[in-house]
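Working through the structure, step by step
Next come the chains, spelled out residue by residue.
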Amino acid sequence: MSRRQRLHVPHGMYYVVQRGSAHQPVFSRPDDYLVFERLLSACLRRNAMSVHAYCWAPQAIHMLVQIDEVSVGRFMQGLTSRYARSIHQRAGESGHFFQQRYQAMLVDSDTYLLKLLRYIHYIPELLGLVDDARDYPHTSHRAYLRAAEVPWLATRKALHAFGEDDAISAYRESMSHAPSAQDLALFERGGTDDLRVIGSPEFLRNLPRESRTYRSKVSLDQVIHSVTFAMGVEREHVLSSSRKRDLALARALIAWFAMERRVCTLSEVARRLRRDPSTLSVAVSRYRERRPDLFKLNSLHYLVPIGPQESGSLEFRAEPG
């Protein structure tokens with residue numbers, strides 16, 4: 001099976017996780033953290049990127065990164081390869097340092113920034129590294145309290161989201177209780193095959209069209225069945241030569257959903273529906289203007305779910321990293 005490609009949205013915010021191999025931790029010495037942060041700082045400057053939160057666990061790197069034009073893949077490739085070379089040179093070794101591909105989720109920062117910030121800072125306690133997450137030294141927690149200075153860390157956006165009166169006190173209060181079970185279930189799925197985006201339905205709808213491509217596990221037959229069922233028309237009538245308005249609308253919906261979700265091309269839909277591709281294309285354009293309520297990515301949410309904030313099932317086309 002080929003690798004699933006990453007989503008590249010310029011200026012987007014990503015929750016990135018890079019795990020070490022089963023045989024070697026990411027950080028095995030106190031100096032390793034300093035080496036990694038030095039390389040990270042240089043990569044951030046070079047790529048005009050920023051980190052809003054981080055946790056360096058011995059076995060994994062967790063960080064909330066906001067990119068500019070350079071993709072997450074290029075950034076992570078440069079950072080991890082430089083770090084691996086540094087560790088190998090010190091140990092006189094060679095070969096793969098990171099055995100697993102990094103994981104990345106595009107994050108709707110308006111909805112999830114503060115929740116994800118708290119989750120990342122609680123990772124040490126969740127992993128059993130410390131009894132109190134606030135005691136762990138290798139997170140951005142103390143920087144948010146202004147108890148430590150991390151020049152390359154961007155805290156302004158998150159603190160502003162806490163409010164302008166006393167953002168630090170508001171942040172401290174948020175850290176007084178652990179992430180909810182719902183947040184844990186959502187963020188701990190990070191990088192799994194069924195979750196590429198953490199965002200509200202509106203956030204999903206507003207993603208750049210050129211970046212979107214959906215799971216192709218759904219067949220054209222499933223699209224036809226779902227649309228005819230939702231529209232209350234017979235499949236046989238949709239495949240007939242009838243020009244009734246409700247059937248023409250159903251055909252336009254089938255074509256739009258099939259193309260939008262990359263199930264198949266317009267020509268393939270046209271052959272199945274026994275229609276001319278240009279005629280079908282005109283119908284899609286016409287009915288999208290007349291019935292915009294139907295031509296939405298989540299209007300047939302049971303076909304390819306993208307609606308609930310906790311269960312985005314999108315895949316994306318973008319960078320190969």
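Refer to the structure above for everything that follows.
Residues numbered from 1 in each chain as written. Predicted model: local features only at pLDDT ≥ 70, side-chain atom pairs only at ≥ 80, totals over all residues. Heavy atoms only, no water.

1. Topic: the packing of helix 11 (residues 245-260) against helix 12 (residues 266-273)
Running from N to C, helix 11 and helix 12 point in directions that differ by 145 degrees, and their axes come no closer than 9 Å. In this structure, the crossing between helix 11 and helix 12 has a hand that is right-handed. Of the residues in helix 12, those in contact with Arg251, Ile254, Ala255, Ala258 and Met259 of helix 11 are Leu266, Val269 and Leu273. Classifying every residue of the contact of helix 11 with helix 12 gives seven nonpolar, no polar and one charged. (Axes fitted to C-alpha atoms, helices over the stretch in contact; angles between N-to-C directions. Helix = DSSP H or I, 4+ residues; strand = E, 2+ residues; numbered from the N terminus. Left-handed = near helix turned anticlockwise from the far one by under 90°. Contact = heavy atoms within 4.5 Å. Nonpolar A, V, L, I, M, F, W, Y, C, P; charged D, E, K, R; others polar.)

2. Re the pattern of salt bridges
What the rule picks out here adds up to four salt bridges. Of the charged contacts, one joins Asp221 and Arg272 as a salt bridge, the two residues approaching to 2.4 Å between their closest N and O atoms. Of this pair, Asp221 sits in helix 9 (residues 220-231) while Arg272 sits in helix 12; the two residues are 51 residues apart in sequence, bridging distant segments of the chain. Overall, the relative accessible area of 35% leaves Arg272 in the partly exposed class. A salt bridge links Asp293 to Arg291, with the nearest nitrogen and oxygen atoms 3.0 Å apart. The exposure class of Asp293 is partly exposed, given its relative accessible area of 41%. Note on Arg291: relative accessible area 33%, which makes it partly exposed. When salt bridges with common partners are traced through the structure, they connect Asp221, Arg235 and Arg272 into a single cluster. (Salt bridge = Lys/Arg side-chain N within 4 Å of Asp/Glu carboxyl O. Buried < 20%, exposed > 50% of the residue type's maximum accessible area, 1.4 Å probe, protein only.)

3. Focus on a positive patch on the surface
Taken together, the side chains of Arg45, Arg46, Arg82 and Arg85 make up a positively charged region of the molecular surface. Contributions of two or more residues to the positive patch are made by helix 1 (30-47) and helix 2 (72-91). Tracing the backbone through its elements, the reader meets Arg45 in helix 1. A relative accessible area of 62% places Arg45 in the exposed class. (Patch = residues over 30% accessible without salt bridge, like charges linked within 9 Å, V, L, I, M, F, W, Y side chains within 5 Å. Areas by Shrake-Rupley, 256 points an atom, 1.4 Å probe, with all protein chains shown as cover. Lys, Arg positive; Asp, Glu negative; His and termini not counted. Charge placed at Lys NZ, Arg CZ, Asp CG, Glu CD.)

4. Details of the sheet that holds strand 4 (residues 103-107)
Across the sheet, five strands lie side by side as 2-3-1-4-5; this open sheet has mixed pairing. The two strands at the open ends of the sheet, each matched to only one other strand, are strand 2 (50-57) and strand 5 (197-198). Here two bridges tie strand 4 to strand 5, and the two strands are oriented parallel to one another. For Leu106, the partnering residue across the bridge sits in strand 5 and is Val197. Against the sheet, helix 1 makes contact with strand 2 and strand 3 (60-66), and its axis sits at roughly 160 degrees relative to strand 2, the strand it touches most. The strands touched by helix 3 (residues 109-126) within the sheet are strand 1 (13-19), strand 2, strand 3, strand 4 and strand 5, with strand 2 carrying the most contacts at an inclination of about 25 degrees. (Pairing = 2+ DSSP bridges.)

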